[in-house]
Amino acid sequence: MSAEPSLPHHRLLPAPLAELARGEGGPGTVDLLLAAERSRRLLLLRMLDDATDLGPAWDLLSAAQRSAPAVVDELLLYPQTGMWLATALRRLHGTIPPDEPPLSHVLGHIGALAAAAALRAELDFTIDVPVRHGRATLPTLGCALLPVTAPWTTATVRATAGEAVVETPRHTVALPRPLDAAGPGWHPLRRLAVGPPERRLELALDDVDPYRTYPQPTEARPLPEEAAAQWRQVLEEAWAVLLREQPGTAEAMRRGVLSLSPTPARERFRPRSVTSGDAFGGIQVSEPDDAVQFAVTLVHEFQHTKLGGLLHLTPLLARTTGPAAPLWYAPWRDDPRPIEGLLQGIYAFMGITGFWRGHRETAADRRAAKVAHFEFALWREHVARALEQVHRHPRLTPLGATLLRTLRDRCALWLAEPVPDEPLSLARRCADDHMARWRAHHLRPAAPAVDEAVRAWRAGASGPPASLAAEPEMVPDPSARWLDSLALLVRHRLSGTDDDRRSPEDPEKAAARVTGALAGDAMLAAGDAGAARHAYVTHLAVEPSRAGTWAGLGRALALTGGHPAASGILCHHPERARAVHEAVSRTTGSAPDPIRLATWLGSSPAPA
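This is a predicted model, so every value here is computed, not measured. (Residues numbered from 1 in each chain as written. Predicted model: local features only at pLDDT ≥ 70, side-chain atom pairs only at ≥ 80, totals over all residues. Heavy atoms only, no water.)

1. Some thoughts on the overall build of the protein
Here's step 1: Summing up its helical and strand segments, the protein has 24 helices and 14 strands in all.
Here's step 2: At 28 Å, the protein has a C-alpha radius of gyration in line with the 25 Å of a compact globule built from 608 residues.
Here's step 3: C-alpha extents for the protein along the principal axes are approximately 90 × 55 × 55 Å.
Here's step 4: Within the protein, buried positions represent 54% of all 608 residues.
Here's step 5: Taking the contacts inside the protein whose residues are at least 6 apart along the sequence as the reference set, 69% of them involve residues at least 24 apart. (Helix = DSSP H or I, 4+ residues; strand = E, 2+ residues; numbered from the N terminus. Rg over C-alpha atoms; globule rule 2.2 N^0.38 Å. Buried < 20%, exposed > 50% of the residue type's maximum accessible area, 1.4 Å probe, protein only. Contact = heavy atoms within 4.5 Å.)

What follows is the structure, given as C-alpha cells:
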C-alpha cells in the first residue's frame, strides 16, 4: 500500500473522554475511535510487511487503494481484518502458541484481502489466496466452496474485464455479478439493514470469514437461508427496542457496530457473546432467546468495543513487572479475573444495568416489568461489588481512576432507586448466592488452620480456632461452573405464567432445565427454604465436595430464620465449612453433620 505522508496524532478531547468515562459515547466520539483504529491498522499492516515482505499482495492492495481508497479503508476497518492482523503478528513474534493453520496460511490471508479490494475496485489481477477446509474466503465479499481434501491449500483468483474466478487445478468457481448474489460454489456475505431510513443500522452478518470468531479463527459455516432470515428478524426487533429505549446508544451503534458473527443458540438465559479489542466493531453472538435479550447483548458488547478503542489510545492501568497480579471476584464470571478483565466487565455491565433501568418503564406487561426490575437490581448490585474491590487500586492511571470514580458515583445513584420488594429480594438473594458459591470454589483457608480446627472439633472445643478467620488463600478452581444457576432459575420463574408461579413446578424438573442446578436451588428460587434446606443436606451426604451446595444451604438456613451461626458462616465464609468438613471426614472416616459443624464454625473462637 502507498504510505500516507504521516499518520494523524490522535487524542480525545475532554468532552469525548467525559462521555466515555460515564459509560456513554455518541457518534462523534465513536468516529474519533474509528479514526484512531484506522491509523492503528495501517501501522500493524506496515509492521507485518516489514517483517515478512508481503510482495504481490501488498502491490495489489496498493493499486486498489490508488483506484478506490474508500474501498480499501472499509476493508481495513472491517473487524475481521483487525483480528487477522493481530493474529498474524502474534504468531510471528511467538506470543501465541503455534496452532493450525500453518503460519504461511495465516500470512497468506493478505492475498485474500488484496483480491477482495481489487475485485471491488474492478481491477484486472491474478493472485493466490488461502483455502481453509475447502473454503476460500474473500473478506467483505463471501467465500468460494471448493472440492478439495487438504485442510490447508491455496487457490488462484483471476479477474479480467469484469469476469472473475476462483480456481484450483481441478475446479473453477465463477464469481457472479454482482458479488452479493449467490451462485454455484459461491456464498456471498450477507448484509443486513434494519430500522427506518434515517436511523438505519447496516452491518454484515458474517458466517464466512475465518477471523470472525474471537480469539481463535474457524472455518466458514454458511447459514441456511431460513436461519439468516431469523437473524434478520430478531435484529429488526432488537433494533426497534434500542431506538425506542436507548436512542443515544443506538445512534452511536450505527457508526460502531460493523459485523455480527452468528453462532448456534445456547441454553435459555445463557447467551454467549464475544468481542475483541483487535476487532473493533465486530460481535460474535449466539442466537438469542428474544429481541430484548439481543438488545441487551448489543449494548453489552458495544460497551466492550468503546472501551477497547479507548485503550488503544490511552491506558487505564499502569504497567507492572512484579510478581503475578492478584485475581478478583467478577460477579458475572465463574472464574477469578485479573484487574484488566474486571475493568472490562464493570464497563460492560454498567451498560447492561442502564438498559434494564430504562426497560422497566417500557416493558410489554407486568411480568416483563418484574423481570426488568429483577435484572436492574441484580446487575447494579453485581457492578457495585466489583467497583468496591478496585476503585482505589494503585495501578489505576489518573484517567482510570476518574473513569471508575464516575461509574461508582453513577452506580450509587442507581442503588438508591426504588425496586419492588419481590424482585429486589430475589436479586439480593441471587447476588449473595453467586458470591458465596464463588468463595466456596476459589478460596481456601490455610492448611494449618484447618488442621487446628479439626483437632479442636474432635476435642470438643466450644468453637473454632481464631486462626481459621485469617484471610484465605485464592486457589482458582477450574471445576467452577454455572455459579449463576440460582439466577437462571429465578428468571425461568419470573418469566413464566401466573399459573406457573401459583403452582410450583416439580423441583427436579425445574432444576433439569438449568445446567448445573440442583433440586435445592429450584426450591430456593421458588421461595421454599425449608424444603431447600432438606434437599441440600441430603445432597451433601452424597457429594460433600460440591462447593455450591454449602452456599445454598447457608441461604436456605438464612431464609428459614433458624441456626443463625450456621447460616452466617455458610453465607459469608462457606470455604471454611467445606474445607473443615472435608478434613474431618478424611481424618475420622466419618462425615460430620453439616449444620452442626457450620454452627460450631460460626461460634465465637475458642480460647487459645
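2. Comments concerning the sheet that holds strand β9 (residues 201-205)
Strands in a sheet are paired, the pairing made by backbone hydrogen bonds, and the direction either parallel or antiparallel.
Here's step 1: Read from one edge of the open sheet, five strands run β8-β9-β10-β12-β11, paired in mixed fashion. The outermost strands of the open sheet, each flanked by one partner alone, are β8 (190-194) and β11 (273-274).
Here's step 2: Bridge analysis of β11 against strand β12 (residues 282-286) gives two bridges, and the strand direction is antiparallel. Its bridge partner lying in β12, S273 is registered against V285. (Pairing = 2+ DSSP bridges.)

3. Brief notes about the nonpolar core
Note that soluble globular proteins tend to have their nonpolar side chains buried in a common cluster.
Here's step 1: One finds L235, L242, L260, F294, W332 and I346 to be the most contacted residues of the largest nonpolar core, which totals 122 residues.
Here's step 2: Ranked by the residues each element gives to this core, the list is headed by helix α12 (residues 366-390), at 12 residues.
Here's step 3: Other than its neighbours up to four places away in sequence, W332 contacts L342, G345, I346, F349, W379, H382, V383 and A386.
Here's step 4: One finds L44, W58, I110 and V131 within the second-largest nonpolar core, a separate group that totals 55 residues. (Core = buried A, V, L, I, M, F, W, Y, C linked by side-chain atoms within 4.5 Å.)

4. Brief notes about the packing of helix α22 (residues 564-572) against helix α24 (residues 594-601)
Here's step 1: Remark: α22 packs on α24, axes separated minimally by 7 Å, with the N-to-C direction vectors making an angle of 85°. It follows that α22 is roughly perpendicular to α24 by the angle criterion. Note on element contacts: α24 touches α22 through I595, A598, T599 and L601, opposite A565, A566, I569 and L570.
Here's step 2: A breakdown of the residues in the contact of α22 with α24 according to their chemical character gives seven nonpolar, one polar and no charged. (Axes fitted to C-alpha atoms, helices over the stretch in contact; angles between N-to-C directions. Parallel < 35°, antiparallel > 145°, perpendicular 65-115°, else oblique. Nonpolar A, V, L, I, M, F, W, Y, C, P; charged D, E, K, R; others polar.)

5. Re the packing of aromatic side chains
Here's step 1: If you walk through the whole model with that rule in mind, you get six aromatic pairs.
Here's step 2: Measuring from ring centre to ring centre gives 5.3 Å for W457 and W600, while their planes differ by 70°; the resulting arrangement is edge-to-face. You can see W457 sitting in helix α15 (residues 447-459) and its partner W600 sitting in helix α24, a full 143 residues away along the chain. Judged on exposure class, the residue W457 and its partner W600 are both buried. (Phe/Tyr/Trp six-rings, centres within 6.5 Å; stacked < 30°, edge-to-face > 60°.)

6. Focus: the state of the cysteines
Here's step 1: In total, this model carries zero disulfides according to the counting rule given.
Here's step 2: Left unpaired, C430 is separated from the closest cysteine sulfur, that of C571, by 13 Å. (Disulfide = S-S within 2.5 Å.)

7. Some remarks on the pattern of salt bridges
Here's step 1: Counting across every chain of the model gives 31 salt bridges.
Here's step 2: Between R90 and D278 there is a salt bridge whose closest N-O contact spans 2.7 Å. A residue pair is termed long-range when its members are at least 10 positions apart, and R90 in helix α5 (residues 79-93) and D278 in the loop between β11 and β12 qualify at 188 residues.
Here's step 3: The closest approach of N and O atoms between E582 and R586, which form a salt bridge, is 3.7 Å. Taken together, the residues E582 and R586, both in helix α23 (residues 574-588) and four residues apart, mark about one turn of the helix.
Here's step 4: Classification of R586 by relative accessible area gives exposed; the value is 56%.
Here's step 5: A cluster of three or more residues bridged by salt bridges with shared partners is formed by E37, R40, R41, R90 and D278. (Salt bridge = Lys/Arg side-chain N within 4 Å of Asp/Glu carboxyl O.)

8. Describing helix α21 (residues 547-560)
Given 3.6 residues per turn, any residue in an α-helix points the same way as the ones three and four places further on.
Here's step 1: With 14 residues, α21 should cover 20 Å at 1.5 Å per step; its first-to-last C-alpha distance of 21 Å lies within 8% of that length.
Here's step 2: With 11 of 14 residues buried, α21 lies mostly within the body of the structure.
Here's step 3: Three or more residues of α21 are buried, namely A547, G548, T549, W550, A551, G552, L553, G554, R555, A556 and L557.
Here's step 4: Next to the buried residues of α21 lie α14 (421-442), α19 (519-526), α20 (529-542), α22, α23 and α24.
Here's step 5: Positive phi shows up at G561, right after α21, with a value of about 85°. (Expected span 1.5 Å × (residues − 1).)

9. Concerning α20
Here's step 1: Taking 1.5 Å of rise per residue, 14 residues should cover 20 Å, and α20 covers 20 Å from first to last C-alpha, within 8% of that figure.
Here's step 2: Those residues of α20 lying buried are A529, A532, A535, Y536 and L540. Within α20, the buried residues cover an arc of 135° as seen down the axis, which keeps them to one side. Among the exposed residues of α20, those pointing more than 90 degrees away from its buried face are H534, A541 and V542.
Here's step 3: Residues of α20 that are buried make contact with α14, α19, α21 and α24. (Arc of directions from axis to C-beta.)

10. Description of a negative patch on the surface
Here's step 1: Residues E236, E237, E287, D289 and D290 make up a contiguous surface patch of negative charge.
Here's step 2: Inspection of the secondary structure puts D290 in the loop between β12 and α10 (291-311).
Here's step 3: Residue classification places D290 among the partly exposed positions, given a relative accessible area of 40%. (Patch = residues over 30% accessible without salt bridge, like charges linked within 9 Å, V, L, I, M, F, W, Y side chains within 5 Å. Areas by Shrake-Rupley, 256 points an atom, 1.4 Å probe, with all protein chains shown as cover. Lys, Arg positive; Asp, Glu negative; His and termini not counted. Charge placed at Lys NZ, Arg CZ, Asp CG, Glu CD.)

11. Some points on unusual backbone geometry
Most peptide bonds take the trans form, and the phi angle of most residues other than glycine is negative.
Here's step 1: A cis geometry characterises the amide bond from R177 onward to P178, with omega recorded as 0°.
Here's step 2: Position of P178 relative to the elements: it lies in the loop between β6 (171-174) and β7 (186-188).
Here's step 3: For the bond from Y214 to P215, the omega torsion is 0°, close enough to zero to count as cis.
Here's step 4: Of note, P215 is situated in the loop between β9 and α8 (225-245).
Here's step 5: Even without a glycine there, the phi angle at E122 is positive, about 60°.
Here's step 6: Inspection of the secondary structure assignment puts E122 in the loop between α7 (109-120) and β1 (125-132).
Here's step 7: For E122, a relative accessible area of 65% gives the class exposed.
Here's step 8: One non-glycine residue, H563, lies in the positive phi region at around 55°.
Here's step 9: If you trace the backbone, H563 turns up in the loop between α21 and α22.

12. Quick look at the environment of D128
Here's step 1: In this structure, D128 sits in strand β1.
Here's step 2: For D128, a relative accessible area of 48% puts it in the partly exposed group.
Here's step 3: Not counting the four nearest positions on each side in its chain, D128 is found in contact with G111, A155 and T156.
Here's step 4: A polar contact of 2.8 Å, which involves the side chain of D128, links it to the side chain of T156. (Polar contact = N/O pair within 3.5 Å; in protein donor to acceptor, adjacent residues only side chain to side chain.)

13. Quick notes on the packing of α15 against α23
Here's step 1: Two elements in contact, α15 and α23, have axes separated by 9 Å at closest approach and are oriented at 65°. Considering how the two elements wind past one another, α15 and α23 form a crossing that is right-handed. When α15 is examined against α23, the residues V450, A453, V454, W457 and R458 are found in contact with a partner set consisting of A579, V580, A583, V584, T587 and T588. (Left-handed = near helix turned anticlockwise from the far one by under 90°.)

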